[in-house]
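# Fold and contact review
Each chain, letter by letter, is given below.
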Amino acid sequence: MTTTAPTAAAIARRYLEVWNETDPQRRRQLVSEVFAPGATYTDPLGAVAGQDEIDGFIGGAQAQFAGLAFSLPAEPDAHHDLARFQWHLSAPGNPEPIAIGFDVVEIADGRIAKVHGFLDKIPG
């Protein structure tokens, strides 16, 4: 890992904080802090661009998986302006994740410019 790793770890934690924030106004504020204005998000379930669309996409996922929370099972790996990390989606108090994913983020000026998401395990 290079010296960008601590920054990448902090960004990954903030990224999951956005996904875990259920108050719509607070979540929208976090989106504007964590994502660059023209940021894009792409995973097998969708592709969106801009902070408003990212916020809407996250809100839709929260409605679908209400009561579940994202966590980092390990520290992100990073170099240059890239970071990659695995995440788990679990019910509080249950260590067994119902979903597991892997995201690669491109960082620009301390914020996320692009997310490339992959799903390793999804609910049936």
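Details of the structure are given in the entry above.
The present account deals with the structure reproduced in this document. Please read these numbers as outputs of a predicted model, since none were measured by experiment.

So, about the pairing of strand S6 (residues 99–108). As defined by bridge partners, strand S5 (residues 82–90) adjoins S6 across eight bridges and the pair is classed as antiparallel. Residue pairing for S6: Ala83 is matched across the bridge by Val105. Hairpin connection from S6 to strand S7 (residues 111–121): two residues lie between these consecutive antiparallel strands, with Asp109 at a positive phi of about 55°.

As a further point, take the packing of aromatic side chains. The geometry of two aromatic rings is summed up by the distance between their centres and the angle between their planes. Within this structure, the stated rule accounts for eight aromatic pairs. Seen from their ring centres, Tyr15 and Phe85 are 5.5 Å apart, and the 70° between their planes marks the pair as edge-to-face. With a gap of 70 residues between them, Tyr15 in helix H1 (residues 5–20) and Phe85 in strand S5 connect regions that are remote in the sequence. For the pair shown, Tyr15 and Phe85 are each scored as buried. Ring pairing ties together the aromatic residues Tyr15, Trp19, Phe35, Tyr41, Phe57, Phe70, Phe85 and Trp87, which thus form one cluster.

What counts as what
- Residues numbered from 1 in each chain as written.
- Predicted model: local features only at pLDDT ≥ 70, side-chain atom pairs only at ≥ 80, totals over all residues.
- Heavy atoms only, no water.
- Pairing = 2+ DSSP bridges.
- Helix = DSSP H or I, 4+ residues; strand = E, 2+ residues; numbered from the N terminus.
- Phe/Tyr/Trp six-rings, centres within 6.5 Å; stacked < 30°, edge-to-face > 60°.
- Buried < 20%, exposed > 50% of the residue type's maximum accessible area, 1.4 Å probe, protein only.

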